[in-house]
Amino acid sequence: MPHLKPPHRLPDTTPDPGRADQPPAPTGTPDPEATGPATAARGKDDGAAGETEAAATGPDEARRRTGSGTGTPETDEAPEPPTPEPADPAADPAADPVADLAVTAPTVTDGADRTEPDATADTATATATESAPESAPAPAPAPDDPEPEPAVDDSESSVDDPEPSADPASAPVGDPRPGRFGRWRPGARAARYVTVGTTVLAAALVLFALLVPNRLDRLDVQSFLRIPAEGVLVAGLLLALPPRARRVTALVTGVLLGLLTVVKLVDMGFYSVLARPFDLVLDWSLLGGATEWVRESFGRTGEIAAVIGVVVLLVAVLVLTALAVVRLSDLMVGHRPTAARTTLVLGTAWITCVTLGVQFGGVPIASKLDADLVGNRVEQVRAGLADGRVFDRQAAVDAFADTPPDQLLTGLRGKDVLFTFIESYGRTAIDDPAMASDVGAVLKKGTADLETAGFGSRSAWLRSPVTGAGSWLAHSTFLSGLWIKNQQRYRSLTTSDRATLTSYFRKTGAWRTVGIVPGVRRAWPEGKFFGLDHIYDSEHLGYQGPYFSWTPVPDQFSLEAFERLEHGRKDRDPIMAEIILASSHNPWAPVAHMIDWDDLGDGSVFEQIKKEGKDPKEVWKNPESVRTEYKNAIEYSLHSLTEWVQRYGDDDTVLVFLGDHQPVPTVTAGSTSRDVPITVVAHDPKVLDKIADWGWADGLKPADDGPQWGMDTFRDRFMTAFGPGGTG
């Protein structure tokens, strides 16, 4: 039986990375002496063809078509691989990380970047093999001959180590070889700039959200030179979480940080107007009033622009903070060692600064602003939810609820009693050095003119529940004897059976109760709660003139309308009136000025006065201009009231006038006082004798150290003084 030769297997020249003694696969052309004449002849023919093709198409293309070092002797014993030669550093991809990126590109590509022998090379090899005589087997090497060693052709290189081509078109895609723009091309450089810039903006936004205060007067450079404890803790948490939980946590944290930033921005507005933060439970109803004020001060276009701006800002803050936190989270994970060390250093620095009380410019370096803000809001929400029950208990107590009508206000029977509120007339108008001289002169002259007309006056201070705005809360506090500090209490009051000062006058049956409320422009059902027989709003005063920003009717015209509609009528009952003077309402531009009372007519005369006034948008560009126009508005209201008393007051006139609240912080210039002046004016000395033990100062100006009462205490003190047991 003939000897059957086992199937021939080509030696496995793939290097084993686990064996240090295994050389790389042989390359180059086989030695003719080792392979035999036939194989050598075929190699010569292939070499000649390759040289001819290389001259026409370039060495790379020719090498792909003819193959490189594919010939292997068919022997039962694999040849010993040659000892590898030292690599050329210039051609070593490891010497250049950028070139390494090109070498390790995807292994299945088209054209010159293909890493597997292409079909052309295989076809050429197969054709050459078929053309050789089948009867000429390759002779085996002599026993005494050394093992054949494949020759290494330095002119060729393996596919895994491509030789750089001088032709730019043949360079691999993404080859970052130096050129006109250096190692990086313009597109890559621009993309890198965009990436770095976006990351910097994300970090700045997150830092701003963490450190921005909720008050404009605290917004300075020192506020942002601090270490936020919340940021350090969140960074540590994100580094510790697995990928999916980390991204979810980063997204939720970003949204919550955006919401907290929105609350801070809203707080800025509330502090700027009301000198207090936004109440998450009780203040939502005030937003409608704010848009109304914008419309009446700056027109419908201004209102729409303001609302759109607020909505866009809200959405932008939420989206951008969420994306910023996610981006920074990915950045930290990509540089985990550096991020972990930085977080540890910042945490240690924060603890050290807290322990030592380190400050910069009077501001603590270690910040926990957001944690304190959240804690305060939690307490605020808890107090707001419980405030209703507290108020109900307070409203149930009324010292005069069971007093018979004929025992109420006996000391004022037959008198016309006028309770008049001057909008935004606060202590700042009297105490501020920039206003004290001019306003003081008006009060001094008014005191003298009233004394000449036979009127005496006493003045002191009341503490208002609000500042900057919220006039109706101050009015209801003064009249109800309860501390009405928010809209929830106001609604609870006006839907209850609590008696007010005005309703007690009505209860006696001895007075006609009326309201002069030019600031009311629509239905006011609360007027019935306050016990008013008739209400004259802005549409029922006979005024045909222009608005002065928010103010529908100038004060002088409102008082003249009261005289025409009620006080000047013949054969009438005594009047108790609640009068609201609105000319000193924000924004205090343009401001009306006094004219002859006989020239008021239907108010059309104020058209020209308004044209001569100032534009509120221009006034509010400068805080000093705002303060000046506020002072002018207060002077106008005081002139209107004192001149009306001189012109129309009589022996039965009793006037109680006061401010409702302090003006906005732009005018108060940092003052935290909520005091407002209050004055009682009467022609009959017996009226003033009833309050002699109050300790109030003579004249229209309160003493600096005069009595300071809570506004909610006035009702009971007044009713006691003018009841059956009152002094005098």
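Residues numbered from 1 in each chain as written. Predicted model: local features only at pLDDT ≥ 70, side-chain atom pairs only at ≥ 80, totals over all residues. Heavy atoms only, no water.

A.B. asks: Can you lay out the overall build of the chain for me, pointing to particular residues and giving the numbers?
C.D. replies: When its secondary structure is counted, the chain shows 24 helices and 13 strands. Intrachain contacts of the chain at a sequence separation of at least 6 include 76% that bridge at least 24 residues. Carbon and sulfur atoms make up 58% of the accessible area of the chain, which totals about 38,600 Å². (Helix = DSSP H or I, 4+ residues; strand = E, 2+ residues; numbered from the N terminus. Contact = heavy atoms within 4.5 Å. Areas by Shrake-Rupley, 256 points an atom, 1.4 Å probe, with all protein chains shown as cover.)

A.B. asks: Tell me about the pattern of salt bridges, residues and numbers included.
C.D. replies: Note that side chains of opposite charge can pair when their charged atoms are close. Summed over all chains, the structure comprises 29 salt bridges. One network of salt bridges, with partners in common, ties together Asp-398, Arg-715 and Asp-716. (Salt bridge = Lys/Arg side-chain N within 4 Å of Asp/Glu carboxyl O.)

A.B. asks: Can you break down helix H14 (residues 471-480) residue by residue, with the values?
C.D. replies: Taking burial as the measure, the 10 residues of H14 include 9 buried ones, the bulk of the element. For H14, the complete set of buried residues consists of Ser-471, Leu-473, Ala-474, His-475, Ser-476, Thr-477, Phe-478, Leu-479 and Ser-480. (Buried < 20%, exposed > 50% of the residue type's maximum accessible area, 1.4 Å probe, protein only.)

A.B. asks: So what's going on with helix H10 (residues 336-356)? Which residues, and what values?
C.D. replies: For H10, with 21 residues, the first-to-last C-alpha span of 30 Å sits near the 30 Å given by 1.5 Å per residue. Those residues of H10 that fall on the buried side of the exposure criterion are Ala-339, Thr-343, Gly-347, Trp-350 and Cys-353. With its buried residues spanning 130° around the axis, H10 presents them on a single face. Facing away from the buried side of H10, by more than 90 degrees, are the exposed residues Pro-337, Arg-341, Leu-344, Val-345, Thr-355 and Leu-356. Taken from the residues just after H10, Gly-357 is the one with a positive phi, measuring 65°. (Expected span 1.5 Å × (residues − 1). Arc of directions from axis to C-beta.)

A.B. asks: An account of the packing of aromatic side chains is requested, with residue identities and associated values reported.
C.D. replies: Applying the stated criterion across every chain, the model contains 26 aromatic pairs. Taking 6.4 Å as the distance between ring centres and 70° as the angle between the ring planes, the aromatic pair formed by Phe-400 and Tyr-504 counts as edge-to-face. Of this pair, Phe-400 sits in the loop between helix H11 (369-395) and strand E5 (416-422) while Tyr-504 sits in helix H16 (residues 501-508), and the two are 104 residues apart along the sequence. Among the aromatic residues, ring-to-ring pairing joins Phe-419, Phe-421, Phe-478, Phe-505, Trp-511, Trp-694, Trp-696, Trp-709, Phe-714, Phe-718 and Phe-722 into one connected group. When the ring centre of Tyr-271 is taken as origin, the NZ or CZ atom of Arg-215, which lies over that ring, is 4.5 Å away. Across the ring face of Trp-709, the terminal group of Arg-717 is positioned such that the distance to the ring centre comes to 4.0 Å. (Phe/Tyr/Trp six-rings, centres within 6.5 Å; stacked < 30°, edge-to-face > 60°. Lys NZ or Arg CZ within 6 Å of the ring centre and 35° of its normal.)

A.B. asks: I'd like a rundown of the nonpolar core, residues and numbers included.
C.D. replies: Counting 53 residues, the largest nonpolar core has Ile-422, Tyr-425, Phe-562, Phe-606, Leu-638, Trp-644 and Phe-657 as the members making the most contacts within it. If we ignore the near neighbours within four places in the chain, the residues touching Phe-657 are Thr-420, Ile-422, Tyr-425, Leu-638, Leu-641, Pro-677, Ile-678, Thr-679, Val-681 and Leu-700. Membership of the second largest hydrophobic core comes to 50 residues, among which are Leu-479, Leu-482, Trp-511 and Phe-722. (Core = buried A, V, L, I, M, F, W, Y, C linked by side-chain atoms within 4.5 Å.)

A.B. asks: Tell me about the environment of Phe-278, residues and numbers included.
C.D. replies: Note on placement: Phe-278 falls in the loop between helix H8 (243-274) and helix H9 (286-334). Considering only alpha carbons, one finds Phe-278 and Val-266, 12 residues apart in sequence, at a separation of 6.6 Å. The residues contacting Phe-278, other than those within four sequence positions of it, are Val-266, Asp-267, Phe-270, Asp-283, Trp-284, Arg-377 and Gln-380.

A.B. asks: Could you give me a rundown of the packing of H11 against helix H15 (residues 487-494), with the residues and numbers involved?
C.D. replies: To describe two helices that pack against each other, one gives the angle between their axes and the distance between the axes. At a minimum axis separation of 10 Å, H11 and H15 run at an interaxial angle of 35°. Crossing handedness for the pair H11 and H15: right-handed. In this structure, H11 uses Gly-384, Asp-387, Gly-388, Val-390, Phe-391 and Gln-394 to contact H15, whose residues at the interface are Gln-488, Arg-489, Ser-492 and Leu-493. Here the contact of H11 with H15 is built from residues that sort into 3 nonpolar, 5 polar and 2 charged. (Axes fitted to C-alpha atoms, helices over the stretch in contact; angles between N-to-C directions. Left-handed = near helix turned anticlockwise from the far one by under 90°. Nonpolar A, V, L, I, M, F, W, Y, C, P; charged D, E, K, R; others polar.)

A.B. asks: For the packing of helix H18 (residues 555-567) against helix H21 (residues 623-648), give the residues involved together with the corresponding values.
C.D. replies: Relative to each other, H18 and H21 sit at 30°, their axes nearing to 8 Å. With respect to their mutual orientation, H18 and H21 come out roughly parallel. In terms of crossing hand, the pair formed by H18 and H21 is right-handed. On H21, the residues touching Asp-555, Gln-556, Leu-559, Glu-560, Phe-562, Glu-563 and His-567 of H18 are Tyr-636, Ser-637, Ser-640, Leu-641, Trp-644 and Tyr-648. Of the residues that constitute the contact of H18 with H21, the class distribution is 6 nonpolar, 4 polar and 3 charged. (Parallel < 35°, antiparallel > 145°, perpendicular 65-115°, else oblique.)

A.B. asks: Can you explain the side chain of Thr-508? Please cite residues and give values.
C.D. replies: For Thr-508, the location among the structural elements is in helix H16. A distance of 3.2 Å separates the side chain of Thr-508 from the backbone nitrogen of Ala-510, its partner in a polar contact. Contacts of Thr-508, omitting those with residues within four sequence positions, involve Pro-405, Leu-408 and Arg-413. (Polar contact = N/O pair within 3.5 Å; in protein donor to acceptor, adjacent residues only side chain to side chain.)

A.B. asks: I'd love a proper account of the pairing of strand E11 (residues 675-682), names of residues and values included.
C.D. replies: The element E11 is largely enclosed, with a buried count of 8 among its 8 residues. Inspection of the sheet shows strand E6 (residues 456-463) paired to E11 by 8 bridges, in the antiparallel sense. Note that in E11 the partner of Ala-460 across the bridge is Ile-678. In the sheet, strand E10 (residues 653-659) pairs with E11 via 5 bridges, with the strands oriented antiparallel. Considered in E11, the bridge of Leu-658 is made with Ile-678. (Pairing = 2+ DSSP bridges.)

A.B. asks: Describe the pairing of strand E9 (residues 575-581), naming the residues involved and giving the relevant values.
C.D. replies: Of all 7 residues that make up E9, 7 are buried, and the element is covered over most of its length. Burial along E9 is two-sided: the residues Ile-575, Ala-577, Ile-579 and Leu-581 and Met-576, Glu-578 and Ile-580 are all buried. Direction of pairing for E5 relative to E9: parallel, over a ladder of 6 bridges. Counted as the bridge partner of Phe-421 is Ile-580 from E9.

A.B. asks: An account of the confidence of the model for the chain is requested, with residue identities and associated values reported.
C.D. replies: Residues with a pLDDT of 70 or more make up 74% of the chain, whose mean pLDDT is 80. Low pLDDT, under 50, characterises residues 1-11; the stretch is placed with 9 contacts to residues that sit more than four places away or in other chains. Note on residues 17-23: pLDDT under 50 across the span, and 7 contacts to partners over four residues away in sequence or across chains. (pLDDT = per-residue confidence, 0-100.)

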